[in-house]
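So you can see what is in the structure, the chains are spelled out below.
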Amino acid sequence: MSTLHAATHYQRSLYEATGGRASGVNIGAAVRMRGQTDPDRICAALDALTARHEALRTTLTRQDTGGTAHQVVGDHSPSDLREVSVAEVDEDQRETACAALLQAELRRPFVLEDSPLARALLVTLADDDRVFVMVAHHAIMDGWSAGVIRDEFRHLYEHGTSATLPPPVLHLADYAAWETELSDDPATRQHWRAALADARPRLSFPQDVSAVGALARTTPHPLPLDRGPTLGALHPLMVEERASTTAVLLAALAASLSDHATNERITFGVMRSNRQQRDIRATVGFLAGHVPVTVDLSGDPSCATLLGRTADAYDRAISRPAPVGVLRASLPDTGRGPLFDVSLNYSRGQHQADAVVTGAGIAFSPFDLAHEEPTDHPWWDGASLLDFQVSSDPAGRLSGVLVADANMLGDSEAAGFADRFTAALRRFADRPGDRLSDLRTAEESAR
């Protein structure tokens, strides 16, 4: 029997942006399996995943034309697994063929109204080489969830009915209830209204932000972070200023954008997984959300001083989480579209492409499913014009992409922002006593 629940803010905004029609704002989780796989084990692992996680059985609906979207959690039933083969392609071209097929699958839209929002695919490269893929709409899954899917699929395949995974404590419907509770909490609203009274989420760009239409075309541009410092090189400064990795990335980002600030305080959206509590780390769903962090650039601070300010501001911001609906009501002049012109999304790499775990005669490894091509989608709350997505591997090497709105920024402009961010990070590591004006002078000399 299906059950009806309140929708999360993201689900409602995505639904309203499309009218419940097709939307390709998707995310995927992929696991490569080398060895002689058992088809029955694969199907059983998929069914177990679907049974464990309500999000994978969730659809969206609206009870009447004037109402808001709701989540509908369906009963568990065996999941469909579509099988595709690229084994007929020349051996040296199979990797490319598989990657192209999965990119197309990642872009294939879901119909939000009363339709399944997740699908599974098994791609055969050879008799002993397959890739299991779960693609879901962002309405029900985020990046953290993809890691949960990868880890649990491997465990469920290996152990079958003897798997010892504890059931998730909370589900996406519980998160929606938490959002509703905070949205109705006067203290939360009052806190963020005061905290954001002088927020400046708008920066100065050559193009007018209001010229961006209802449809965004986001394009990923590589960040040249291989030319920047490792986290090890930044560590002494982080220890001195008691700053996290997120804070040092944000401080460098603020420094690199300081000449676009409309005053001496810039408010960024910092993405958080919202999985700090242990009992929700195994929850599949879109729980992530932006936290507004206002960085103070006044007085021509040194890199070290700016990092200390940013670390304090970040710690204050994350001490009181709030749904994006509360943030939108508290931010001045946001209108429709992005809450912030610039956002930062940092994730500590849990999975390496070459990381291999063996079990049940199979070698399991992650398969990269990052978006490689532009994606068209309607605006939803929290989207930004410049989204810096950064990750670190276990060795502290940084990598990432700048996802930019191509309606406003071309390749050369986006590359400029990416280069300046990397240069600022290098300056924080090598010359933390340099001031903002020194960074600007160095940038002008390099042009």
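The structure displayed is predicted, hence computed values, not measured ones.

(A) Looking closely at the overall build of the protein. Along the protein, the regular secondary structure elements total 12 helices and 18 strands. Compactness check: the protein gives a C-alpha radius of gyration of 22 Å against a globular reference of 22 Å for 447 residues, within 12% of the reference. Principal-axis analysis of the C-alpha atoms gives the protein an extent of 65 × 55 × 40 Å. By the burial criterion, 53% of the 447 residues in the protein qualify as buried. If you sum the accessible surface of the protein, you get close to 19,500 Å²; carbon and sulfur atoms cover 49% of it. Seen as two clouds, the 42 positive and the 60 negative side-chain charges of the protein have centres 4 Å apart.

(B) Broad picture of the pattern of salt bridges. A full pass over the atoms with the stated rule returns 16 salt bridges. Taking the shortest distance from any N to any O, the salt bridge between R52 and E152 comes out at 2.9 Å. Of this pair, R52 sits in helix α2 (residues 39–52) while E152 sits in helix α4 (residues 143–159); the two residues are 100 residues apart in sequence, bridging distant segments of the chain. There is no split in this pair, since R52 and E152 are both buried. Members of the salt-bridge network, linked through shared partners, are R82, E105, R108 and R119.

(C) Focus on the sheet that holds strand β14 (residues 357–359). Taken together, the 6 strands give an open sheet; going across it, the order is β6-β8-β9-β3-β15-β14, and neighbouring strands pair in mixed fashion. Two strands in the sheet have a free side with no partner beyond their single neighbour: β6 (81–85) and β14. The sheet shows a mean angle of 25 degrees between the axes of neighbouring strands, taken without regard to direction. As defined by bridge partners, strand β3 (residues 26–34) adjoins strand β9 (residues 129–137) across 9 bridges and the pair is classed as antiparallel. Within the sheet, the bridge partner assigned to M33 lies in β9 and is R130. Running at roughly 170 degrees to strand β8 (residues 118–126), helix α3 (residues 94–107) makes contact with β3, β6, β8 and β9 of the sheet. Its contacts with the sheet put α4 on β3, β9, β14 and β15 (362–366), and the angle it makes with β3 is roughly 30 degrees.

(D) Looking closely at the pairing of strand β5 (residues 69–73). Most of β5 is tucked away: 4 of the 5 residues are buried. In the sheet, strand β1 (residues 3–6) pairs with β5 via 4 bridges, with the strands oriented antiparallel. Looking at the pairing, L4 lines up with V72 of β5. Where strand β4 (residues 58–62) meets β5, 5 bridges bridge the pair, whose relative direction is antiparallel. Within the sheet, the bridge partner assigned to T58 lies in β5 and is V73.

(E) Spatial organisation of the packing of aromatic side chains. Evaluated as defined, the whole model comprises 6 aromatic pairs. Aromatic pair F388 and F421: ring centres 5.3 Å apart, planes at 65 degrees, arrangement edge-to-face. Of this pair, F388 sits in strand β17 (residues 386–392) while F421 is found in helix α11 (residues 411–430), placing the two residues 33 residues apart along the sequence. Both residues of the pair, F388 and F421, count as buried. In textbook terms, an aromatic cluster arises when at least three aromatic residues are bridged by ring pairs, as seen for F132, F153, Y157 and F364. Above the face of the Y157 ring, R41 is positioned so that its terminal group lies 5.6 Å from the ring centre. If you follow R119 out to its NZ or CZ, it ends over the ring of F110, 4.1 Å from the centre.

(F) Highlighting the nonpolar core. Membership of the largest hydrophobic core comes to 66 residues, with the highest contact counts inside it found for L249, F268, L386, F388, V390, F421 and F428. At 9 residues, the largest contribution of residues to this core is made by helix α8 (residues 245–256). Beyond its immediate sequence surroundings of up to four residues, F428 is in contact with L234, L237, V248, A251, A252, A255, C303, L306 and L307.

(G) Representation of the side chain of H221 in the model. Relative to the helices and strands, H221 is located in strand β10 (residues 215–222). Dropping the residues within four chain positions of it, H221 is found in contact with G400, V401, L402, A404, D411 and A414.

Cut-offs applied
- Residues numbered from 1 in each chain as written.
- Predicted model: local features only at pLDDT ≥ 70, side-chain atom pairs only at ≥ 80, totals over all residues.
- Heavy atoms only, no water.
- Helix = DSSP H or I, 4+ residues; strand = E, 2+ residues; numbered from the N terminus.
- Rg over C-alpha atoms; globule rule 2.2 N^0.38 Å.
- Buried < 20%, exposed > 50% of the residue type's maximum accessible area, 1.4 Å probe, protein only.
- Areas by Shrake-Rupley, 256 points an atom, 1.4 Å probe, with all protein chains shown as cover.
- Lys, Arg positive; Asp, Glu negative; His and termini not counted.
- Charge placed at Lys NZ, Arg CZ, Asp CG, Glu CD.
- Salt bridge = Lys/Arg side-chain N within 4 Å of Asp/Glu carboxyl O.
- Pairing = 2+ DSSP bridges.
- Axes fitted to C-alpha atoms, helices over the stretch in contact; angles between N-to-C directions.
- Contact = heavy atoms within 4.5 Å.
- Phe/Tyr/Trp six-rings, centres within 6.5 Å; stacked < 30°, edge-to-face > 60°.
- Lys NZ or Arg CZ within 6 Å of the ring centre and 35° of its normal.
- Core = buried A, V, L, I, M, F, W, Y, C linked by side-chain atoms within 4.5 Å.

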